[in-house]
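# Summary of the model geometry
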Amino acid sequence: QVQLVESGGGLVQPGGSLRLSCAASGRIFRIDAMGWYRQAPGKQRELVALITSSGSTNYADSVKGRFTISRDNGKNTVYLQMNSMRPEDTAVYYCKAVHFFVNFRNYWGQGTQVTVSS
């Protein structure tokens, strides 16, 4: 079993920055991709950014050039640096880890609220 704990959410003004962290713990064999998703009220959960174990990244068009995903494989931790934030970035942000042991399995964090408002 793998547990994910997110931190770093909160309230920020438009144009401001936040940094989210997500640390994986538990019975870890190998973590493949890690990523951040978000879900705004009344909307479906959507991918924000993804990073593979080798460092390849993928971003939603809406955050390209503003958000940066990174990871520390030694700490099993993924980060999301969010700059130039907009009100439409307001959502609950969820961390996901793809764990491999015999087969692949997705694990999710509990979510952290991010609110962009003046």
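See above for the structure.
Here goes a summary of the coordinates provided. (Residues numbered from 1 in each chain as written. Predicted model: local features only at pLDDT ≥ 70, side-chain atom pairs only at ≥ 80, totals over all residues. Heavy atoms only, no water.)

On to the overall build of the protein chain, then. When its secondary structure is counted, the protein chain shows 0 helices and 11 strands. Taking 118 residues into account, the globule formula puts the C-alpha radius of gyration at 13 Å, and the protein chain, at 14 Å, falls close to it. Along the longest, intermediate and shortest principal axes, the C-alpha atoms of the protein chain span 45 × 25 × 25 Å. The buried share of the protein chain, reckoned over its 118 residues, is 42%. At a minimum sequence separation of 6, the contacts of the protein chain that also span at least 24 residues come to 54%. Within the structure as shown, the protein chain displays about 6400 Å² of accessible surface, and the carbon and sulfur contribution to it stands at 48%. Averaging the locations of the 13 positively and 7 negatively charged side chains of the protein chain gives two centres separated by 5 Å. (Helix = DSSP H or I, 4+ residues; strand = E, 2+ residues; numbered from the N terminus. Rg over C-alpha atoms; globule rule 2.2 N^0.38 Å. Buried < 20%, exposed > 50% of the residue type's maximum accessible area, 1.4 Å probe, protein only. Contact = heavy atoms within 4.5 Å. Areas by Shrake-Rupley, 256 points an atom, 1.4 Å probe, with all protein chains shown as cover. Lys, Arg positive; Asp, Glu negative; His and termini not counted. Charge placed at Lys NZ, Arg CZ, Asp CG, Glu CD.)

Another point: the state of the cysteines. As enumerated under the stated definition, the model contains 1 disulfide in all. Paired through a disulfide, Cys22 and Cys95 show a sulfur-sulfur distance of 2.1 Å. Its S-S torsion of approximately -80 degrees makes the covalent link between Cys22 and Cys95 left-handed. Of this pair, Cys22 sits in strand 3 (residues 18-26) while Cys95 sits in strand 9 (residues 91-101); the two residues are 73 residues apart in sequence, bridging distant segments of the chain. Given the relative accessible area of 0%, Cys22 is considered buried. Looking at Cys95, the relative accessible area reads 0%, which means it is buried. (Disulfide = S-S within 2.5 Å.)

Here the focus is the pattern of salt bridges. What the rule picks out here adds up to 4 salt bridges. Among the salt bridges present, the one from Arg38 reaches Asp89, with a minimum N-O distance of 3.0 Å. Here Arg38, found in strand 4 (residues 30-39), pairs with Asp89, found in the loop between strand 8 (77-82) and strand 9; they are 51 residues apart in sequence, far enough to count as distant. Across this residue pair, the class does not change: Arg38 and Asp89 are buried. (Salt bridge = Lys/Arg side-chain N within 4 Å of Asp/Glu carboxyl O.)

Another aspect to go through is the packing of aromatic side chains. Summed over the entire model, instances satisfying the criterion amount to 3 aromatic pairs. Centre to centre, the rings of Tyr37 and Trp108 are 5.0 Å apart; their planes meet at 65 degrees, and the pair counts as edge-to-face. Pair noted here: Tyr37 is in strand 4 and Trp108 is in strand 10 (residues 103-108), with a separation of 71 residues, a long-range link. The class for Tyr37 is buried, based on a relative accessible area of 14%. Since its relative accessible area comes to 36%, Trp108 is described here as partly exposed. Judged by centre distance (4.9 Å) and plane angle (50 degrees), the ring pair of Phe100 and Phe104 falls under tilted. Residue Phe100 is classed as partly exposed on the basis of its relative accessible area of 21%. The partly exposed category is assigned to Phe104, whose relative accessible area is 49%. The lysine or arginine in question, Arg45, covers the ring of Tyr94, its NZ or CZ lying 3.7 Å from the ring centre. (Phe/Tyr/Trp six-rings, centres within 6.5 Å; stacked < 30°, edge-to-face > 60°. Lys NZ or Arg CZ within 6 Å of the ring centre and 35° of its normal.)

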